[in-house]
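If you want the building blocks of each chain, they are given just below.
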Amino acid sequence: MKANTQLGEMHDRLNDFHRQHSMEGLGDALLMYVEDPLKPRDEHGGFRVNPILLLLAIVFALVFGTFLFFSMVQS
């Protein structure tokens, strides 16, 4: 019986949290995750991407491109 009580309390708390933060959308949360943590905006107010995520994306693209190149050029 105690597990059901805890589950009900967690459900109520989650509903309360979503009711309080209803204005924050998925896009805003994703944008906050991707922006640069040290300097999120540049001098002109533009968006700055997290350099670590940018580096990981470039490395992934290079690895994927290398894989495609060698898989398509089989003799």
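Refer to the structure printed above.
Right, let's walk through the structure included here. (Residues numbered from 1 in each chain as written. Predicted model: local features only at pLDDT ≥ 70, side-chain atom pairs only at ≥ 80, totals over all residues. Heavy atoms only, no water.)

**Regarding a nonpolar patch on the surface**
Piece 1. Taken together, the side chains of Phe 60, Phe 64, Phe 67, Leu 68, Phe 69, Phe 70, Met 72 and Val 73 present a nonpolar region at the surface, about 920 Å² in accessible area.
Piece 2. Summarising the element assignment, Phe 70 is placed in helix 3 (residues 51-72). (Patch = residues over 30% accessible without salt bridge, like charges linked within 9 Å, V, L, I, M, F, W, Y side chains within 5 Å. Areas by Shrake-Rupley, 256 points an atom, 1.4 Å probe, with all protein chains shown as cover. Salt bridge = Lys/Arg side-chain N within 4 Å of Asp/Glu carboxyl O. Helix = DSSP H or I, 4+ residues; strand = E, 2+ residues; numbered from the N terminus.)

**A look at the environment of His 44**
Piece 1. With respect to the helices, strands and loops of the structure, His 44 is situated in the loop between helix 2 (26-34) and helix 3.
Piece 2. Owing to a relative accessible area of 76%, His 44 belongs among the exposed residues under this scheme.
Piece 3. Separated by 13 residues in the primary sequence, His 44 and Leu 31 have C-alpha atoms spaced 18 Å apart. (Buried < 20%, exposed > 50% of the residue type's maximum accessible area, 1.4 Å probe, protein only.)

**As for the packing of aromatic side chains**
Piece 1. The tally for this structure, following the rule as stated, stands at two aromatic pairs.
Piece 2. A ring pair is formed by Phe 60 and Phe 64, whose centres lie 6.2 Å apart and whose planes are at 15°; its orientation type is stacked. Of this pair, Phe 60 and Phe 64 both sit in helix 3, four residues apart, roughly one helical turn.
Piece 3. Seen in terms of ring centroids, Phe 69 and Phe 70 are 5.1 Å apart; in terms of plane orientation they differ by 80°. Their pairing is edge-to-face.
Piece 4. On the accessibility criterion, Phe 70 (56% relative accessible area) is exposed. (Phe/Tyr/Trp six-rings, centres within 6.5 Å; stacked < 30°, edge-to-face > 60°.)

Function cannot be inferred from these measures alone, as they are strictly geometric.
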